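The primary structure of each chain is shown beneath.
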Amino acid sequence: MTSIQSTLGEEEGGGIAEELAEGQRAISIAEFFEKNKHMLGFDSGARGLVTAVKEAVDNALDATEEAGIKPDISIEIRESGDYYTLIVEDNGPGITREQIPKVFGKLLYGSRFHAREQSRGQQGIGISAAVLYSQLTSGKPAKITSRTQRSETAQYFELIIDTDTNEPEIQVDEERAPGESDLSPTHGTRIEMEMEANMRARQQLHDYVKHTAVVNPHARLVLSEPGLDEPRHYERVEGADLPAETEEIRPHPHGVELGTLIKMLGATESYSVSGFLQEEFTRVGAKTSEKVLNSFRDRHFGREMGWAVPRSPETDLEAAIADAVANKGAAATQTFAERVANTLSSRERTAHSELAEIVDTVADDVESEFDANFGDTVRENAVEAAWEILRSDLTADLYGLVDESTSTRKDDATVSGLAERLADKFDSGDPRNRATRATVVEYVDRSADRLVSEEISFGETARENVVEALWAAMRTVPDDVPKVKRVADDRDTASQLLEAMRETDILAPPTNCLSPITAELVEAGLKKEFDADFYAASTRDAEVHGGDPFVVEAGIAYGGELEDGTVDLLRFANRVPLVYQRGACATTDVIKSIGWRNYGLDQPGGSGMPNGPAVLMIHVASTNVPFTSESKDAIANIPEIEDEIELAIREAARELKSYLNKRRSMQKRRKKQDVLGRILPEMADKLSEVTGRQRPNIDGALARIMNNVSVEREVDDGTVTLVVENHSDRTESPKITEIVSAEPTDLPDAASVVDLDGEWFITWEPSVGAGETVKLTYAVADDADFEIDIDGVDAEKMTIDA
């Protein structure tokens, strides 16, 4: 049968393959994204404007923070006929003249792609992609003005991107004096882009800027747009410092892939694998390196099975060793044989490499004592003789291992049968009884298969237990591992090294490459932008995914002015809000999977997004955030990251649960007090009416019934007494402020007074034990007015008669 491809070019005119070849050419990255701008988030006029703002602001934040400057960023959107003009200006360090065209006019140009440290931008696509979108939709160049901190003039460029070459095409290149430049600060960068856009995504734009202010509490942002009477100001949190400086780290052994490892092996200057591990990876010192190398030896060379000295009375290990030694003198020979035999007999089991080491050690000692020469041949003969004795009863040795690792239901015949067959495998295998784990598995499976019958079973669990017992009894060999060049040239050997690296316990990467917001500032950011009754935040310890460390932070705001309904989920990655593709994000999936009813929020159907007047916030900080696409709108479903997101949000949610439980308890307490407050006077009146006696005094009854702290003011002829009684079962420390219209006198040392515009504020903070009463007495004019304010004790637990 003739294939179609075999006939290409045979018909008249031929040369189809040549014609196809002529039509093939390489394309630049700019040309690719020119036709696929939707991949970068520029799929519509509405979203394109939001994405352009995001990329410009991200660049401004990174630049200012790297320079140690608290960001002041202005975002202005103007209507320009059928187009919109976006202007973003910052107070950063500025960009040098040589770098401006490359930063704004060349895709995949940046300084952070290879750096393992947290930053907003990584790929060098963002702002240049916005420039590309601008020129494609409006046909106009981007206008960039930048002034460095040491320069007296600003550099002004107008440029577009040549999509065929992915190079900047400069149309204007000027130096401008401060008065001629539109740049407001004394240093910084301003970019102006005109693009086809609309304001249909106004809400997403506002959300992006507001959420950026939440996770960057050290920044000040100003947004001006059509339709706003005044610019929106997002002030920085007072006292908020710049994020901690990050440091670049080396890759972590647990996150390297085989191709990358081979590439690193080929590029390193180290000759030994140990040096390579310590030089090229983080968290690998001498001890950790040796652990990796031992695991590598197990895979590359296999382990050696050790054997015990047979207990048979017919076995004379000492005599066998002595016979192997010739012409060394009777005393020296006897001492040598005796010491080797005694050492081996005292050990539970000895592998071949251990035997050789024991013989060498004893021989060296005997040589120095008897002035005898135990050369290599003598030592080898002694090892061979002792090894033959150690291997003389393999079945007995293996019987013990098999018996301990199998259940009591295995009868002696079954255990003995498996031990005999395993002994055959070891006896016919490597002379030093070396075997990889895969070989040990094969030994056990083949031995068990030969043993299994209708009466005898040997299942998977029993086989795995036997393998584990055998592998644990075997010893890692001391052989030198291959040099780096040999490992790099052999894919299988490199794979063995990779497996050893991944299975060795290694400390998580250092976190100085990350700059989390911190729980304190997460809470401060939420308080700044959301008016709520309750706030909670948590910051998890660093974990690792794919060799890259990451930290997850969570925050919750609840109640107050927040609207009821589906909770508002704020997603962030490296301090950047994720505005779009919420449904495709791992963060959303985790939030939906949590049972929110356990934390006091409604969740119809028991799954999905919870309901309530709440804001949930998740921030993932990493040296390499795994986004689902180039537009960086959603975090991929990585199990390690999902686990940390769940733990972080649950940590904050537990505080919310405690708050809501307490609030419900206080509501019940308040209702009970309201009821008692109504019925106690009625009961007193009714009791007096029925009994004909004087109405009982119910003062303080409510406080006693509710176990409250009561505060009562007594005024008698210019003397004021504040009485605090604690009817609860715990010590309380109320913070009492008495506001008096006349100057008080004779105040005790426990209280302090301040005059503020003709009102005197008396402050008193007594500690009142359970069941105790304390008093504060002072003098004041008879016509004085009083007002009291109490903090430090829940209002529902107070009874105030003052």
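The present account deals with the structure reproduced in this document.

Cut-offs and rules
- Residues numbered from 1 in each chain as written.
- Predicted model: local features only at pLDDT ≥ 70, side-chain atom pairs only at ≥ 80, totals over all residues.
- Heavy atoms only, no water.
- Helix = DSSP H or I, 4+ residues; strand = E, 2+ residues; numbered from the N terminus.
- Rg over C-alpha atoms; globule rule 2.2 N^0.38 Å.
- Buried < 20%, exposed > 50% of the residue type's maximum accessible area, 1.4 Å probe, protein only.
- Contact = heavy atoms within 4.5 Å.
- Areas by Shrake-Rupley, 256 points an atom, 1.4 Å probe, with all protein chains shown as cover.
- Lys, Arg positive; Asp, Glu negative; His and termini not counted.
- Charge placed at Lys NZ, Arg CZ, Asp CG, Glu CD.
- Core = buried A, V, L, I, M, F, W, Y, C linked by side-chain atoms within 4.5 Å.
- Expected span 1.5 Å × (residues − 1).
- Arc of directions from axis to C-beta.
- Salt bridge = Lys/Arg side-chain N within 4 Å of Asp/Glu carboxyl O.
- Polar contact = N/O pair within 3.5 Å; in protein donor to acceptor, adjacent residues only side chain to side chain.
- Pairing = 2+ DSSP bridges.
- Axes fitted to C-alpha atoms, helices over the stretch in contact; angles between N-to-C directions.
- Patch = residues over 30% accessible without salt bridge, like charges linked within 9 Å, V, L, I, M, F, W, Y side chains within 5 Å.
- Phe/Tyr/Trp six-rings, centres within 6.5 Å; stacked < 30°, edge-to-face > 60°.
- Lys NZ or Arg CZ within 6 Å of the ring centre and 35° of its normal.

Looking only at helices and strands, the protein has 24 helices and 25 strands in total. Taken against the 2.2 N^0.38 rule, which gives 28 Å for 802 residues, the C-alpha radius of gyration of the protein at 40 Å runs more than 25% over that of a compact globule. In terms of overall dimensions, the protein has C-alpha extents of about 120 × 100 × 65 Å along its principal axes. Taken over 802 residues, the protein has a buried fraction of 49%. A sequence separation of at least 24 residues applies to 71% of the contacts in the protein between residues at least 6 apart. Per element, the accessible surface of the protein, about 39900 Å² overall, is 43% carbon and sulfur. Separation between the mean location of the 86 positive side-chain charges and that of the 151 negative ones in the protein comes to 3 Å.

Here we take up the nonpolar core. Membership of the largest hydrophobic core comes to 51 residues, with the highest contact counts inside it found for Phe336, Phe374, Leu398, Leu422 and Leu470. Where this core is concerned, the elements lending two or more residues are helix 11 (317-324), helix 12 (330-346), helix 13 (352-370), helix 14 (376-390), helix 15 (394-405), helix 16 (412-428), helix 17 (437-451) and helix 18 (460-473). For this core, the leading source of residues is helix 14, giving 7 residues. Filtering out sequence-adjacent residues up to four positions away, phenylalanine 374 remains in contact with Val325, Lys328, Ala332, Phe336, Ala363, Val366, Glu367 and Arg379. Core analysis: the second largest hydrophobic core is formed by 46 residues, Val53, Ile127, Leu132 and Ala197 among them.

Another point: helix 15. Since there are 3.6 residues in each turn of an α-helix, residues three or four apart along the chain are aligned in direction. Taking 1.5 Å of rise per residue, the 12 residues of helix 15 would be expected to cover 16 Å, and the 17 Å separating its terminal C-alpha atoms lies within 8% of that figure. By the burial criterion, the buried members of helix 15 are Leu394, Asp397, Leu398, Leu401, Val402 and Ser405. One side of helix 15 holds all its buried residues, which, seen down the axis, span an arc of 125°.

The full count for this structure, using the stated rule, is 41 salt bridges. Where glutamate 499 meets arginine 299, a salt bridge forms, and the shortest distance between an N and an O atom there is 3.4 Å. Remark: arginine 299 occurs in helix 10 (residues 286-300) and glutamate 499 occurs in helix 20 (residues 491-503); sequence separation between them is 200 residues. Residue arginine 446 is joined to glutamate 442 by a salt bridge in which the shortest nitrogen-to-oxygen separation is 3.1 Å. Here the residue arginine 446 and the residue glutamate 442 both occupy positions in helix 17, the gap between them amounting to 4 residues, near one helical turn. For glutamate 442, a relative accessible area of 40% puts it in the partly exposed group. Overlapping salt bridges, with partners in common, bring together Asp72, Arg220, Glu235 and Arg236 in one network.

Turning our eyes to something else, we now look at the side chain of arginine 571. Its location among the elements puts arginine 571 in strand 15 (residues 568-573). At 2.8 Å, the side chain of arginine 571 and the backbone oxygen of tyrosine 580 are in polar contact.

So, on to the sheet that holds strand 8 (residues 232-234). The strand order across the open sheet formed by 8 strands is 5-4-3-6-2-1-7-8, and the pairing between neighbours is mixed. Of all the strands in the sheet, just strand 5 (167-176) and strand 8 have a single pairing partner and so form its edges. Here the average twist between neighbouring strands, direction ignored, is 15°. In this sheet, strand 5 lies alongside strand 4 (residues 154-162) in antiparallel orientation, the contact comprising 9 bridges. The partner of glutamate 158 across the bridge, within strand 5, is valine 172.

Counting through the fold element by element, threonine 414 comes out in helix 16. What makes threonine 414 buried here is its relative accessible area of 5%. A distance of 2.6 Å separates a polar atom in the side chain of threonine 414 from a polar atom in the side chain of aspartate 411. The contacts of threonine 414, once residues within four sequence positions are left out, are Leu451, Ile456 and Phe458.

This brings us to a nonpolar patch on the surface. Among the surface-exposed residues, Val675, Ile679 and Met683 lie close enough to one another that they form a single nonpolar patch of about 240 Å² accessible area. By secondary structure assignment, the location of valine 675 is in helix 23 (residues 639-691).

In this section: a positive patch on the surface. On the surface, Arg663, Arg664, Lys668 and Lys671 cluster together into a positively charged patch. Inspection of the secondary structure assignment puts arginine 664 in helix 23. The partly exposed category is assigned to arginine 664, whose relative accessible area is 38%.

Attention now moves to the packing of aromatic side chains. This model, assessed by the stated rule, comprises 7 aromatic pairs. Arranged with centres 5.8 Å apart and planes meeting at 85°, the rings of tryptophan 307 and phenylalanine 426 form a pair that is edge-to-face. You can see tryptophan 307 sitting in the loop between strand 9 (303-305) and helix 11 and its partner phenylalanine 426 sitting in helix 16, a full 119 residues away along the chain. For phenylalanine 426, a relative accessible area of 2% gives the class buried. Taken together, a centroid distance of 5.1 Å and an interplanar angle of 75° make the contact between phenylalanine 426 and tyrosine 443 edge-to-face. Highlighted residues: phenylalanine 426 in helix 16 and tyrosine 443 in helix 17, separated in sequence by 17 residues. Each member of the pair, phenylalanine 426 as well as tyrosine 443, is classed as buried. By the ring-pair criterion, three or more aromatic residues cluster together here, those being Trp307, Phe426 and Tyr443. Between arginine 176 and the ring centre of tyrosine 156, over which it is positioned, the NZ or CZ distance is 3.6 Å.

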